[in-house]
Amino acid sequence: MVSRRVINVQTRLFLLIVLFTWILTAIFFGLQYNRERDYKIASLDSHLQMQNAKILERLETGGQVTPQFVKQIDPDDSLRVTVIDLKGNVLYDSNGEVKANHANRPEVQQAVKMGHGFTKRRISSTNNREYFYSATRGHGIVVRTALPYNHSLTEMLRADSFNSYLILTIAVIMTIIAWFAAHSISRSVKNLRNFANAAEFGDLSKYEAQSFPDDELGEISSHIVNLYKLQQATAEERDKNLRAAIHEQKEKTRIKHELTNNISHEIKTPVHVIQACLETLENSDGQLTPEMRKDLLDRSYENVNRLVSLLADLSVITRISDAPDQIQSAPVDVTSIIKQVAGDMKVYPPEQQMRIHIEVPDGLIINGNQGLIESIFRNLMVNAFNYSGGRDVTVKLVEETGDYYRFIFNDNGVGVEEKHLPRLFERFYRVDKGRSRSLGGTGLGLAIVKNAVLFHKGKITVRNRKLGGLEFEFTLHK
């Protein structure tokens with residue numbers, strides 16, 4: 001199938017404007033030509049009417065029309081004079097004897113009825129020449145004068161060429177203006193077409209709003225482009241948020257799955273130990289010594305406590321993660337909580353005791369949850385006491401702004417390898433799994449610390465100190 005060639009917008013618009021312009025030009029030219037021709041005919045008729053009036057005046061005063069008289073009123077000797085009675089009989093004709101009746105001549109009929117009449121062009125039946133006739137009625141007669149269509153008369157009745165040239169010049173100028181107008185209007189259409197093509201392939205870098213003309217169509221085109229870009233940006237933002245939501249949902253699912261597996265793993269060990277101890281006690285048949293029975297009960301008790309601690313920590317971290325809006329906030333004295341936690345650390349055996357240095361002013365108040373604030377400092381201290389291997393712990397307020405307090409918690413122990421630092425706040429992550437379990441750790445302490453800090457609109461980081469040990473830096477929103 002042969003494709004039809006499409007005429008572009010500029011060409012179609014230009015042709016339309018030119019067609020309209022030249023139609024108007026032709027109409028105006030025709031009207032002007034007819035108007036000028038009618039004016040010249042009326043002028044010629046008036047001139048002949050004046051001649052008719054002179055002839056009627058001569059006849060009504062008793063004079064006669066003679067060739068000399070005609071020569072007197074028309075020195076050029078081109079004027080034809082005819083005197084006709086009201087019945088159409090020719091009484092006199094300056095061209096000689098005329099026998100034909102003139103009652104049916106249009107100019108004669110008009111003169112008889114209205115007193116005056118003319119015919120622009122008619123061939124004479126007498127000499128076969130074309131004449132311009134003008135007739136005037138008098139008392140019982142009609143005087144008719146006529147001029148032959150020679151070169152001078154034709155030139156006189158012709159329209160002025162200056163006006164024709166002026167009209168044509170104006171039409172040419174309008175054509176040129178039409179081209180520029182079509183080009184200007186089509187520029188926006190072309191840019192919109194290019195924009196549509198670019199939008200189809202997703203490349204809008206070259207199509208800014210200022211590339212359109214500074215007119216109404218350009219303004220509309222710019223609005224279309226800007227609305228499309230806004231719609232694209234909104235769609236991209238929506239897709240970005242959707243991808244983020246999907247990723248967040250997948251991450252939550254992954255974390256819950258991982259948490260379930262970790263919980264299952266963490267619970268299995270103490271449960272198996274308790275189960276083994278109880279089965280041994282049940283099936284001993286009195287063969288166990290008191291020391292062996294006590295050891296089994298102590299191990300069972302120790303693992304029961306481990307389960308209780310695990311469930312308590314899980315309850316805290318689940319409450320922070322899944323229902324933060326249900327956690328109550330109230331004014332909390334942070335300094336008192338730190339001192340209370342420091343006092344509780346005295347229950348540790350002497351070989352695990354550490355010196356606690358508190359550099360926090362009294363009466364440090366924030367609007368938060370007392371239990372979560374306590375879990376931050378308690379878990380950090382328990383972590384230091386159990387795993388740092390140092391002798392000193394320092395809690396220090398390093399900055400206060402209008403919105404938050406910034407704390408540093410550090411120890412002077414051995415620290416950890418750099419590869420472990422990014423994962424210290426993960427749930428159930430342990431640097432030394434065997435040692436952590438032997439000390440009864442649940443692997444949730446630092447995860448609770450991070451989530452409690454986040455609940456209070458703060459941030460927390462961890463790093464190794466240059467002099468040894470770990471340093472936690474965190475903020476709590478007032």
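The structure we're discussing is the one just above.
Scope of this entry: the structure provided in the associated data block. Here the residue index of a chain counts from 1 through its sequence in written order. With pLDDT at 70 or above as the cut-off, local features in this predicted model cover only qualifying residues; side-chain atom pairs require 80 or more to be listed or tallied, and sums for whole chains, interfaces and linings still use all residues. The side-chain quantities take in all heavy atoms of the structure and omit both hydrogens and water.

## Thoughts on the sheet that holds strand S12 (residues 470-477)
Then step 1. A strand pair is defined by DSSP finding two or more bridges across the two strands. Each helix is a run of DSSP H or I of at least 4 residues and each strand a run of E of at least 2, with the numbering of both proceeding from the N terminus. The five strands lie next to each other as S7-S9-S10-S12-S11, forming an open sheet whose pairing is mixed. Only two strands of the sheet have a single neighbouring strand rather than two, namely strand S7 (355-359) and strand S11 (460-464). Adjacent strand axes in the sheet meet at a mean angle of 15 degrees when their direction is disregarded.
Then step 2. Sheet topology places strand S10 (residues 404-411) next to S12; seven bridges connect them, and they run antiparallel. Paired with Tyr404 across the strands is His477, a residue of S12.
Then step 3. We call two residues contacting when some pair of their heavy atoms lies within 4.5 Å. Between the N-to-C directions of two axes lies an angle of 0 to 180 degrees, each axis being a line fitted to C-alpha atoms and, for a helix, fitted only over the stretch in contact. On top of the sheet, helix H8 (residues 334-344) reaches S7, strand S9 (392-400) and S10; it is set at about 175 degrees to S7, its chief contact.
Then step 4. The strands that helix H11 (residues 445-455) touches are S11 and S12; relative to S12, the one it contacts most, it runs at about 30 degrees.

## Quick word on the packing of aromatic side chains
The geometry of two aromatic rings is summed up by the distance between their centres and the angle between their planes.
Then step 1. When two rings of Phe, Tyr or Trp (its six-membered ring) have centres within 6.5 Å they constitute a pair, described as stacked for plane angles under 30 degrees, edge-to-face for angles over 60, and tilted for the intermediate range. One pass over the full model with this rule turns up eight aromatic pairs.
Then step 2. When the ring of Phe377 is compared with that of Phe474, the centres are 5.8 Å apart and the planes differ by 65 degrees; the resulting orientation is edge-to-face. Of this pair, Phe377 sits in helix H9 (residues 370-387) while Phe474 sits in strand S12, placing them 97 residues apart in sequence.
Then step 3. Ring centres 5.4 Å apart and planes at 20 degrees place the aromatic pair Phe407 and Phe474 in the stacked group. You can see Phe407 sitting in strand S10 and its partner Phe474 sitting in strand S12, a full 67 residues away along the chain.

## Here's the deal with a nonpolar patch on the surface
Then step 1. Residues Trp22, Tyr165, Leu168, Val172, Ile176, Trp179 and Phe180 make up a contiguous nonpolar surface patch of roughly 730 Å² in combined accessible area.
Then step 2. With six residues, the top contributor of residues to the nonpolar patch is helix H5 (residues 161-201).
Then step 3. By secondary structure assignment, the location of Ile176 is in helix H5. Patch membership requires more than 30% relative accessible area and the absence of a salt bridge. Residues of like charge join within 9 Å; the nonpolar side chains Val, Leu, Ile, Met, Phe, Trp and Tyr join within 5 Å. Each accessible area value is a Shrake-Rupley result obtained with a 1.4 Å probe; residue values ignore everything except the protein chains displayed when judging cover. Whenever Lys or Arg places a side-chain nitrogen within 4 Å of a carboxyl oxygen from Asp or Glu, that contact is recorded as a salt bridge.

## Some points on unusual backbone geometry
Then step 1. With phi around 60 degrees, Lys457 is a residue other than glycine that occupies positive phi space.
Then step 2. Here Lys457 is to be found in the loop between H11 and S11.
Then step 3. Take Lys457: its relative accessible area is 67%, and that puts it in the exposed class. For the exposure calls, accessible area comes from a 1.4 Å probe over protein chains only, and a residue counts as buried if that area is under 20% of its type's maximum, exposed if over 50%, partly exposed in between.

## Remarks on the sheet that holds strand S2 (residues 90-93)
Then step 1. On the basis of which strands lie adjacent, the open sheet formed by five strands has the order S2-S1-S5-S4-S3 and antiparallel pairing. Only two strands of the sheet have a single neighbouring strand rather than two, namely S2 and strand S3 (116-123). Going from strand to strand, the sheet's axes swing by 20 degrees on average, the running direction of each strand aside.
Then step 2. Note: S3 against strand S4 (residues 130-137), six bridges, orientation antiparallel. Bridge assignment links Ile123 to a residue of S4, and that residue is Glu130.
Then step 3. The strands touched by helix H3 (residues 106-114) are strand S1 (80-85), S3, S4 and strand S5 (141-148); relative to S3, the strand with the most contacts, the crossing angle is about 175 degrees.

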